[in-house]
Each structure stands twice: as structure tokens, then as C-alpha cells.
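An overview of the molecular structure
Below, each chain spelled out in residue letters.
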Amino acid sequence: MTTIRLTVAQALVRFLAAQYTERDGTRQRLIGAMWGIFGHGNVAGIGQALVEYPDLMPYHQGRNEQAMVHAAVGYARQSGRLSAHAVTTSIGPGATNLVTGAALATINHLPVLLLPGDVFAARPADPVLQQLEVPYAGDVSVNDTLRPVSKYFDRITRPEALIPSALQAMRVLTDPVDTGAVTLALPQDVQAEAFDWPERFFAERVWTVRRPGVDAAELTEAVQAVRAARRPLIIAGGGVHHSRAETALAEFAGATGIPVASTQAGKGSLRYDHPQDVGGIGHTGTATADGLARTADLVIGVGTRYTDFTTASGTLFENPAVRFLNLNIAPFDGHKLAGLPLVADARSALDELTEALGMHGHRVPEEYVAEYTGAKDRWERTVDACFAAPDPAARPTQPQVLGALDALVDESDIIVNAAGSLPGDLHRLWRARSADQYHLEYGYSCMGYEIPAALGVKLAAPERNVWALVGDGTYLMLPTEIVTAVQEGVAVKLVLLQNHGYASIGGLSQAVGAERFGTAYRYPAGDGTYTGAPLPVDLAANAASLGMRVLRAGTVGELRAALGEARAAEVPTCVYVETETSDTVSGAPPAQAWWDVPVAATATRPSAVKARELYERHVSTRRRHL
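Residues numbered from 1 in each chain as written. Predicted model: local features only at pLDDT ≥ 70, side-chain atom pairs only at ≥ 80, totals over all residues. Heavy atoms only, no water.

Here's the deal with the overall build of the chain
To be explicit about the condition: Helix and strand definitions follow DSSP, with helices as H or I runs of at least four residues and strands as E runs of at least two, each counted in order from the N terminus. We compute the radius of gyration from the C-alpha atoms alone; for a globule the expected value is 2.2 Å times N to the 0.38, where N is the number of residues. Exposure is judged per residue with a 1.4 Å probe applied to protein chains only, and the accessible area is read against the type maximum: over 50% gives exposed, under 20% gives buried, and values in between give partly exposed. The criterion used for residue contact is that any of the two residues' heavy atoms lie within 4.5 Å. The method behind every accessible area is Shrake-Rupley, applied with a 1.4 Å probe, and residues are considered shielded solely by the protein chains displayed. Charge assignment in this entry is limited to Lys and Arg as positive and Asp and Glu as negative, and neither His nor the chain termini are counted. Each charge is placed at NZ for Lys, CZ for Arg, CG for Asp and CD for Glu.
Per the secondary structure count, the chain includes 24 helices and 23 strands. Since a compact globule built from 626 residues should have a radius of gyration of about 25 Å, the 25 Å found for the chain is in line with a globular shape. Buried residues in the chain amount to 58% of all 626 residues. Counted over contacts in the chain with a minimum sequence separation of 6, partners at least 24 positions apart contribute 77%. When the accessible surface of the chain is summed, it comes to about 24,400 Å², and 53% of that surface belongs to carbon and sulfur atoms. For the chain, the centre of its 53 positive side-chain charges and the centre of its 66 negative side-chain charges are spaced 3 Å apart.

Examining the sheet that holds strand β3 (residues 26-29)
Operational definition: When DSSP locates at least two bridges between a pair of strands, those strands are taken to pair. Only the contacting stretch of a helix is used when fitting its axis, a line to C-alpha atoms as for every element, and angles between N-to-C directions run 0 to 180 degrees.
Reading across the sheet, the three strands line up as β3-β2-β11 and stay open at both edges, with mixed pairing between neighbours. Looking along the sheet, the strands with just one partner apiece sit at the ends: β3 and β11 (205-208). Pairwise comparison of adjacent strand axes, ignoring direction, gives a mean angle of 30 degrees for this sheet.

Description of the environment of Pro452
When you line up the elements, Pro452 lands in helix α18 (residues 450-460). Pro452 gets classed as buried once you look at its relative accessible area, which sits at 0%. Between the C-alpha atoms of Pro452 and Arg231, which are 221 residues apart in sequence, the distance is 42 Å. Not counting residues within four places of it along the chain, the set of residues in contact with Pro452 comprises Ala67, His70, Ala71, Leu478 and Glu481.

Things to note about the nonpolar core
Note on soluble globular proteins: their nonpolar side chains tend to be buried together. Applicable threshold: By nonpolar core is meant a set of buried Ala, Val, Leu, Ile, Met, Phe, Trp, Tyr and Cys residues that side-chain atoms within 4.5 Å join together.
By size, the foremost hydrophobic cluster in this structure holds 53 residues, and its most contacted members are Ile300, Leu325 and Leu327. When residues in this core are grouped by element, the largest group, six residues, is from helix α14 (residues 346-358). Counting residues in hydrophobic clusters, the runner-up holds 46 residues, among them Leu98, Ala181, Ala453 and Leu496.

Comments concerning the packing of helix α16 (residues 398-408) against helix α23 (residues 556-568)
As a reminder, the rule being used: Roughly parallel refers to an angle under 35 degrees, roughly antiparallel to one over 145, roughly perpendicular to one between 65 and 115, and oblique to any angle outside these ranges. Put simply, a crossing is left-handed when the front helix is turned counterclockwise from the back one by less than a right angle, and right-handed when it is turned clockwise. When residues are sorted by character, Ala, Val, Leu, Ile, Met, Phe, Trp, Tyr, Cys and Pro go into the nonpolar class, Asp, Glu, Lys and Arg into the charged class, and all the rest, Gly among them, into the polar class.
At their nearest, the axes of α16 and α23 sit 10 Å apart, and the two run at 45 degrees to each other. Classified by the angle between their axes, α16 and α23 sit oblique to one another. The two elements α16 and α23 cross, and the hand of that crossing is right-handed. Of the residues in α23, those touching α16 at Gln400, Val401, Ala404, Leu405 and Leu408 are Val556, Leu559, Arg560, Leu563, Gly564 and Arg567. In the contact of α16 with α23, the residues fall into seven nonpolar, two polar and two charged.

A closer look at the environment of Ala603
On the secondary structure map, Ala603 appears in the loop between β23 (573-578) and α24 (606-619). Under the relative-accessibility criterion, Ala603 is labelled partly exposed at 37%. Put simply, Ala603 and Gly513 are 90 residues apart on the chain and 9.3 Å apart in space, counted from C-alpha to C-alpha. In this structure Ala603 touches Ala608 and Val609, once residues within four positions along its chain are discounted.

Written as C-alpha cells, this is what we have:
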């Protein structure tokens, strides 16, 4: 057997460079690049290996370990989960900073390879710098915090252990059911240790991403359920995009006339102007979609996990006779809400279901089509009203900011968002023009995701305009990768909305009787609250100090001009706008469905007492779908 003598880190880099994915006849590199911040836990191992083989593995210099994972996740999602990035860190804080990003990746079923350094396997000194000592377990390090948020975890304590572990890691990264964060913890001494590797370990490998078809018995039941329904509703989840099943969904909806609502992850599965698209579903959904959900007798979930935002915490599907049909590649999700499972790849399942129903010429009643078409037209007029900004000299509301952007973009633009009040406005109002235009991370809804994720998206689609939409609270969480975008000339567009605090949580706080406590960015008022004057924070100056070009917009007219200038820019550019938040100015439509956030059961303050009364009324409508 021919062998090659390399360090563990060198062998890992060479192995990763030879891995590919294939789906539908298209082959691409599995690990497209590696992000890294170096310290004593990886500088002599992975760091040296990247210098040794500069042509094998592109490298991106990050500023924050969590942000590097977000960038990798953005890249993976834009790449259809067929290509991913790796992230290397030192031991200690660098490794634990990965945890939030790993949780986000795993919850959203998006692949990322994490390569944190670890303490010495040989234990020549104990403890070493940044080592966590656990008296009852000598084999525990801070990297064990990554176990519950990883789909696969291993600690490579011997060089030869890398071979089976690396292969398992690739298997999980390319598994459409089990993909997520994959962690290979690498003790710093093992990274630098030499070993005689089988040459075959470095041969090109192609990992086929499966499209499993449906079970015949499950398909028969599904056809019967659809044919028996008079008011069916499709809920399109993120699995539609992961499968690239948008065309199959459009054909199924068009053939049957069944309306399609979408989760945050599934929005864009149909274009906003498709006849069967009825917008977002659930707490942040449209009046059209939520009205249909309340009377639906069959809910067809396609690639959705049915989170509480989608089901309005179990209160949305009111029809006593409602049943659920779940097209999902994961059996775990296929059986939710006591539904009929159709366990298969979303595109395969939709194609087979369309064909099977076509044999019977099935289509929903025309009066049902007329009903949801009329409701959709009415909602579009609501969106128009929210986006309208008749006075160009006025300060824009947040929906008017979205309206200005909506008027500017075309189907090639991509918008990235994750947290705050923007996800609700976007889910209800945004008009998605292409399958991948709407990039919302709402599985973990992680503040700070937007800027690094936009960087990852732009790396995956350099020809596209990529917009990161952030509020001031989110911006302050993680603006660090602005520096990386400037350094590498990645021309992301940042729309930074200043509303002086946590607008979303402030509104929620008000609704649950907590009186917006601790949610505003203001000076203390002397009574334990932060209700004084707004803080004199200049986030535009901060972004400029990090190297970004900044355009300030104080009015609607200035905003429109700045957005147009930013879209044409070939350098990272920020549009900074302070939004109008006065109670006298119309904003976005209110929530069309409930969301369960428990309210204090006992209180003396009138706001909390009133909130509890309303909460108990909502809770009484919750159902268990059995």
C-alpha cells in the first residue's frame, strides 16, 4: 500500500479538497473554503497546513468565530446545501464562540464543518492555557459544549482516527435528513503529528445527495386525502428550497388549484404573483393565508417543521375536521400533528403526487379559488398602503423602507434577515420575486446573523446584489465581518435601521404586560427604567470606521436615492436611516394570529392583569391535533 507522510492537519486539508457532491447530474466541491482565526490551538496545525497547500483550500480571515459560522451557513444555504465551508478556531474562547452558530446551522439543517482546536491529547502538562478542568472527567474539554448542537461530533486523539471520522463527517454533511453542524475537535498536538497515510485517503470522492421517492402505500393514502378535501391548503417550508422543488410545487399547485402559504424558511417557494401564492402563514402571516388555515380541512405540509410561529402555537387550524398530510424527507417531521406521512424528497414526492392526481383530473372547487384570489387581492392593497410614502420629505417608517427597496430590486437581488421586528414585516409584506431572494434565518432567529451571512451568500453568488437588513440592536450584536467584507472586496449592501432599541421585543413586552422594560436604548430615568433621552450612538459612523462606505438618509426621498446608489456600488455600502416610530404614524399590519409567550399569572400592575386575561382567552383555543 502506497502511503504519504503528512501531519494530521495537512492530511485533513488534502482530504477536504478532494470531496465533491453530486445531485441531478451536477457535481461541485463539497468544502468550498475555510474560515479561520488562529491561536495556539490551531496555528501550528491547520494554519501551517493552509500555508503548505495554498492552492488546495481557499481561506477567509474572520473577526469573530460565531460570525464565521454564520457566513458559512449563508454560503451553504445559497449553495443549496451542496457546498459548505469549514471553520477553524483555537481552543478555549475561540471554540466556545462556535456554539451559537452551530446551533443555528443544526436547527436550520444547513451543513457547516467545525474544526476547533483542543487541549493536548498526550497531556504533557495539565492544565494548559485555556483548559477547562473537570474533576470527575479527564477527557472533557470546552469543545464538549458542541456535542448537543452538532449532528456529528468526534475528538481526534490519534492520527489514524481521522480516517473513519472524516468519512463519517462527509456522510453527515451530505445527508439531506441529518445535515447540520459537524464538529471534529482537533487536539493541538495531534494536529501537528505526522503519520503515514494511505494514498487512497486523498482520492476524489463524490457524495451523492439522495432524492428518495415515495412509498406506494403512503402515496395512495395521500391521493385519497387530497381528493376528499374541499378546502386544502399547502404550507411550503424550507424543505422546498433545499430540494429545489419550487417548479414541482408550482406545477402541483397550478394543476390542482390548491393555495400555497409559506413559512419564513419557505417564502419564495412560489413567486408572490403566482395565482396560488397566498403569502406567509402563522403569527407573522397574511390575513389571506391565516384565514384559509382556519377553515382548511386538509393541510399539506411540504418540507416544514410546523414551529409555533407556523401553527400560531396550536391555535390556527380551527376546522374540527382538519387533517394533515406531511411531505417530508425526515420521518420525524413527516409524522407531526398526527399527520399522514409521505416520507420522500420534496421534489420527488410532489412530482409523483401531481402525476397520481392528474390521472383523476383532480382540482379544487372554483368557488374556493375565487375566494382566496379575492382575499389575496385585498391583501395586496394592504401591502401597497404600507409601502406607500406620499411625502418624500418625511422620515420613513420601517414598512416604507421595505417599500422603497421593493420598488428598486428585481429577481436577482437577495435580502438577508434573521431577527427583530423586520422578520414579521418581511413575512407579511415582502414580494418575493425568485426562489432564493428571501433569505430569512428564523429557525434560531439569531441576532447578528445578517451581516456575516450576507457575506457568505455573496461569496456563493458573486454576481448577485445581496442586502443585509438589520436594526440597531442586531447591528450591535455582530458588525465585525464588515471588516472582512472590506478586506476581501465583497460588495454586500447593508440597510441599517435606527429605531433606538429592541423594537420587536419592546412590542412583545408591551403586549405581555412588561411595559417595554429594558428594551429601549435610552438613558436611565432614575426610577429603574431606561426611559430617558435616546443614547447619542452614531452607528453610521461606526460602520464607516470599519471601512464601509456609508450613505445617510433622513427622508423618504433621500432613502430612495441612497438605495439606488448602494445597489450600483461595487464596494461594501451601508444605507443608514432613522425610522419613524411614532404611535400616530401607520406601520405594518398587526399580527394575524396568536403566538404563545406566557404572561405573569399574578400581578398588580394593570397592564399585566389585562395581558393575562387576553392570554387565557387565547390559550383556551389551543388544540391537540390527534
